[in-house]
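The lines below spell out each chain.
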Amino acid sequence: MDAMIRYPKKINESMTKTTIKRLLREGLLTKDEQDIRKISDFINFAKDYLGITDDVKVELAFERTPDITTTAYYDLSGLVKVYVKDRAIVDIQKSICHELVHHLQNIEGRLNNPIEDGADGSPIENEANAKAGEILRKWGKMHPEVYI
Ligand SMILES: [Zn+2]
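Let us look at the structure shown here. (Residues numbered from 1 in each chain as written. Predicted model: local features only at pLDDT ≥ 70, side-chain atom pairs only at ≥ 80, totals over all residues.)

## Points about helix H2 (residues 33–50)
With 18 residues, H2 should cover 26 Å at 1.5 Å per step; its first-to-last C-alpha distance of 26 Å lies within 8% of that length. If you check which residues of H2 are buried, you get Phe42, Ala46 and Lys47. Take H2 and look down its axis: the buried residues cluster within an arc of 135°, on one side only. In H2, the exposed positions angled more than 90 degrees off the buried face are occupied by Glu33, Gln34, Arg37, Ser40, Asp41, Asn44 and Asp48. Considering only its buried residues, H2 is in contact with helix H3 (89–107) and helix H5 (123–142). Where H2 ends, the next residue or the one after it, glycine 51, has phi of about 75°, a positive value. (Helix = DSSP H or I, 4+ residues; strand = E, 2+ residues; numbered from the N terminus. Expected span 1.5 Å × (residues − 1). Buried ≥ 20, exposed ≤ 12 C-beta atoms within 10 Å, placed from the backbone. Arc of directions from axis to C-beta. Contact = placed C-beta atoms within 7 Å.)

## A closer look at the sheet that holds strand S1 (residues 57–61)
Read across the sheet, three strands follow the order S1-S3-S2 without closing on themselves; strand pairing throughout is mixed. If you trace the sheet from one side to the other, it starts and ends with S1 and strand S2 (72–75), each paired once. For this sheet the average axis-to-axis angle between neighbouring strands, irrespective of direction, equals 15°. Across five bridges, the pairing between S1 and strand S3 (residues 79–83) is parallel. (Pairing = 2+ DSSP bridges. Axes fitted to C-alpha atoms, helices over the stretch in contact; angles between N-to-C directions.)

## With respect to H5
Over its 20 residues, H5 extends 29 Å from the first C-alpha to the last, a length consistent with the 28 Å expected when each residue adds 1.5 Å. Those residues of H5 that fall on the buried side of the exposure criterion are Ala128, Ala132 and Ile135. Seen from one end, H5 has its buried residues packed into an arc of 70°, which puts them on one side. Relative to its buried face, H5 has exposed residues pointing more than 90 degrees away, namely Pro123, Asn126, Ala130, Arg137 and Lys141. Where the residues of H5 are buried, they touch H2 and H3.

Set out below in structure tokens:
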């Protein structure tokens, strides 16, 4: 089934399997300290950007649990949970920002109807997507290595 895998351009046939595996994993979040630090730096940056000063919890889930039916969720009690397994760091960052915006909306008393607010294209959802994009662009400018 090798034909179904789209390898990055720099991979050629003479490379060892280990090298290929490593290259394919680049950009994916792992449990190693450096990656986790990258994410926690990013969380602090996003919180600062949004002006969130409380201790909202951000949990990274490396395994599926029954509560995770989408890639991420925000619980009104002040918990952001993001599924991270086999996802690119930049996608995880986008999820984190999106849910942090919901936390801000909650603090400001603007989340009133979970069904309407969470619907695609609702003002609440659009704001979360737009702000997430803003934060990622800002972070990307400070860390150009993110977008190779
Ligand atoms: Zn949302």
